[in-house]
Amino acid sequence: MSTLSVPQTAAATRPRVDKYAPAARRARRRSAGLGLLAWIVGIVFCLPALWMLLTSFHSEPDAATNPPSLTAPLTLDSYRVFFGEGGGASPWPPLINSLMASLFSTLFVLVLALPAAYALSIKRVEKWTDVMFFFLSTKMLPVVAGLLPVYLFAKNAGMLDNIWLLVILYTSMNLPIAVWMMQSFLADVPVSIIEAAQVDGARLPTVLLRVVAPVAAPGIAATSLICFIFSWNELLFARVLTGVTAQTAPVFLTSFVTSQGLFLAQLCAASVVVSLPVLAAGFAAQDKLVQGLSLGAVK
Amino acid sequence: MSTSVSTAPQSPADVSGAPAPRRAGGGAPGRRARAWATRAPLLPALIFLIAVTQLPFVATLVISLFDWNSLAPDDRAFAGLSNYGEVFTDARLRESVFTTVLLTGTVVVVSVVLGLLLALLLDRKFFGRGFVRTLLITPFLLVPVSAALMWKHVLYNPEYGLLNGGWAWFTGLFGVENPGQPDWISDMPLIAVETALVWQWTPFMMLILLAGLQSRPAEIMEAAKLDGATAWQTFRHLTLPHLRRYLELGILLGSIYIVQNFDAVFTLTSGGLGTANLPYTIYQTFYQAHEYGLASAAGVVVVIGTIAIATFALRVVSSLFSEEANRA
């Protein structure tokens, strides 16, 4: 690596001193150009989503024109229809189901992952890396390979179309990610303050709640948001294991199109509404998102 | 000198023998109890995960050995490995293996390359960088079903989709009356699915690679600049080697997530026109054809394939991980 630059050093730096000002100007201009390029690429890349957002505010006839119309009048009609004023199925039960499945599974994940991460980072169990890899390996097991037994179990136990079954499955789906993320966050908590608390006679729950949790709070919040996102997005389990009463928002979305024929503006409004909680959570967790997605392996 | 001092207190204990074992004997239960106390916080998570993820897989293994169609429950019989034979000879299943490999490979490679370009573009300070990054992350944050429905109806629709609409508008500027209006999904089904997935996964690769770029040691980059290295030289000899692990991580995690993709295939094409990947085919085999034994065997085959990728993935993650453990 260093060999590359050494021969050029003496030759290259000296003449550049004279041309310093133009070079800097050129560099600044190039940098501004790349900034502009980034803006253009960003907007083009996001265009489909922005277009969907715009279409959701158009009337059905305006949404389905070719060539597309940018200047069509905006209306909230599609959102009104989506929320049940058009007489279709109400979106509230699936939205509430999704919210329940996501919130409760995230809560259970935290309850299970926080002590586990504690044992893997602060008061380390022996062979803690092996345990970490066991957790990770469960994430690599394709969901579809365990789906049938889960379905059969649910059918025999009378738990089909029951939101709590999804809560349990989503908890297991997110637990490995959460353990990895929290492990890396808890490893950042200084051992000295934990020891100080223990010297003062604090027991494990107290240490976790009063000492570790406040320090690791931002990391715990990011973990929760990511678990929430994954649960909210899940389709395969929800599709196979729920029907009418426990239907989640993504399943509702898929049925939305086929049952009512295609209303483009309405579909866009529905997609926007269903994606909104995830977008909000994702934008909030932006910085930690990558760490969660890469299971804590990249900081 | 110091050695003699330090060994002195130990040797009497070794010689006398008796006190040491008794102390060890008295300490063992205490130590064991302490070890269990350390393990205790770990156990709920571990037991829960084994119960919910490993047991179903064991059940899948068992079911895969049976000839079991739920529409004919009386004919259930032990079938040995015949389901596996069928997985490899059934044209539909074999084709879906091929589709899975092609789909996953294409999506991962294209999204890694695009993600790298985007990460390089964002790895510099410019006005509104945070906002642009937010724009670029958005595809990854849309609910996958929403994204797939959006591609299917808002973009690909042959009559009023944005792709054909935009093309009609563009050619209209030049007075073309009837521009070509392809039916994207029917004409190029696999590419249509791949494009939607690339759009969705590029931000994921970008985020990982951006983290990699930002972890480059600043002083080395500075030194390269002072030494007059060109942008390409810096990229080729410093940035790329540094990014290797992040590229590997992105590729492997991407593969593991995309191999399992169900939402896009289900929504865009319902597995038609040669786009059925293994997860979709397994779903169909068990949910619509009720062939429990066959679906389970196919599931086990997916697991074996994934394990092959995963062992490699674990080694990569492990190297990143041990690097971090050393730092700590």
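Please read these numbers as outputs of a predicted model, since none were measured by experiment. (Residues numbered from 1 in each chain as written. Chains lettered and ligands numbered in written order. Predicted model: local features only at pLDDT ≥ 70, side-chain atom pairs only at ≥ 80, totals over all residues. Heavy atoms only, no water.)

Notes on the pattern of salt bridges
All names here are of chain B. Let me state the cut-off plainly: Any carboxyl oxygen of Asp or Glu that lies within 4 Å of a side-chain nitrogen of Lys or Arg is treated as forming a salt bridge with it. Counting from the N terminus, the helices are the DSSP runs of H or I reaching at least four residues and the strands are the DSSP runs of E reaching at least two. For every residue, the accessible area (1.4 Å probe, protein chains only) is compared with the maximum for its type, and the residue is labelled buried under 20%, exposed over 50%, or partly exposed between those bounds.
Going through the model one piece at a time under the given rule, you end up with two salt bridges over all chains. The closest approach of N and O atoms between aspartate 123 and arginine 216, which form a salt bridge, is 2.5 Å. Of this pair, aspartate 123 sits in the loop between helix H5 (91-122) and helix H6 (129-141) while arginine 216 sits in the loop between helix H10 (189-214) and helix H11 (218-226); the two residues are 93 residues apart in sequence, bridging distant segments of the chain. We classify aspartate 123 as partly exposed; its relative accessible area is 21%. A salt bridge links glutamate 248 to arginine 244, with the nearest nitrogen and oxygen atoms 3.3 Å apart.

Remarks on the environment of B:Ala147
Residue and element names in this part refer to chain B. The condition is simple: The contact definition used throughout considers only heavy atoms, calling two residues in contact when any of these lie within 4.5 Å.
In this structure, alanine 147 sits in helix H7 (residues 144-155). Once the C-alpha coordinates of alanine 147 and aspartate 263 are considered, the two residues, 116 residues apart in sequence, prove to be 9.4 Å apart. The contacts of alanine 147, once residues within four sequence positions are left out, are Leu142 and Trp199.

A short note on unusual backbone geometry
For A:Asp161, which is not a glycine, the phi torsion comes out positive at approximately 60°. Considering the arrangement of structural elements, one finds A:Asp161 in the loop between helix H8 (147-156) and helix H9 (163-186).

Some details on the UniProt feature "transmembrane region" (unreviewed entry) in chain B
Note the following rule: UniProt positions are given in the numbering used here, feature names are shortened, and annotations may be inferred rather than shown by experiment.
Under the feature "transmembrane region" (unreviewed entry), the UniProt entry names residues 42-66, 97-122, 134-151, 190-213 and 292-317 of chain B. For residues 97-122 of chain B, the end-to-end C-alpha separation is 37 Å, with 100% helix and 0% strand making up the annotated structure.

Concerning the interface of chain A and chain B
To be explicit about the condition: Accessible area that two parts lose when put together, evaluated with a 1.4 Å probe and summed over both, is termed the buried area. Counting of polar contacts relies on pairs of N or O atoms within 3.5 Å, with two restrictions inside protein: one atom must be capable of donating a hydrogen and the other of accepting it, and residues adjacent in sequence are counted only when both atoms are side-chain atoms.
Taken together, the 105 residues of chain A in the interface contact 101 residues of chain B. Ranking the residues of chain A by area buried against chain B places A:Trp39, A:Phe45 and A:Met140 at the top, with a combined share of 8%. Taken together, the connections running from chain A to chain B amount to zero salt bridges. At the surface where chain A touches chain B, the tally comes to eight residue pairs in polar contact (both at pLDDT 80 or more). In terms of residue count, helix H3 (residues 20-56) of chain A provides more of the side of chain A that touches chain B than any other element does, 15 residues in total.

Looking at the confidence of the model for chain A
Residues and elements named next belong to chain A. Test applied: A score from 0 to 100, pLDDT tells how confident the predictor is in each residue.
Averaged over all residues, the pLDDT of chain A equals 80, while 87% of them reach at least 70. Least confident of the elements in chain A is helix H1 (residues 2-5), whose mean pLDDT is 42; most confident is helix H6 (residues 92-121), at 90. Residue range residues 1-16 is modelled with pLDDT below 50. Its contacts to residues more than four positions away, or to other chains, number 14 contacts.

Some words on the confidence of the model for chain B
Residue and element names in this part refer to chain B. Here chain B averages 79 in pLDDT, while 88% of its residues score no lower than 70. Overall, residues 1-26 carries pLDDT values under 50, and its contacts beyond four positions in sequence, including any with other chains, amount to zero contacts. Predicted complex, confidence summary: ipTM 0.79, pTM 0.81.

Some words on the UniProt feature "transmembrane region" (unreviewed entry) in chain A
Residue and element names in this part refer to chain A. According to UniProt, the "transmembrane region" (unreviewed entry) feature falls on residues 34-54, 99-120, 132-151, 163-186, 207-232 and 263-285. Helix makes up 65% of residues 132-151 and strand 0%, whereas the separation of the span's terminal C-alpha atoms amounts to 28 Å. Taken end to end, residues 207-232 has its terminal C-alpha atoms 32 Å apart, with 100% of it in helix and 0% in strand.

Description of helix H14 (residues 264-284) of chain A
The test is simple: Multiplying 1.5 Å by the residue count of a helix minus one yields the expected span of that helix. Bend at a given residue is defined as the angle between two axes, one fitted to the seven residues that end at that position and one fitted to the seven that begin there.
An ideal rise of 1.5 Å per residue puts 30 Å on 21 residues; H14(A) measures up with 29 Å between its terminal C-alpha atoms. Of all the bends in H14(A), the largest measures some 40° and sits at A:Leu276, one to four residues before the proline A:Pro277.

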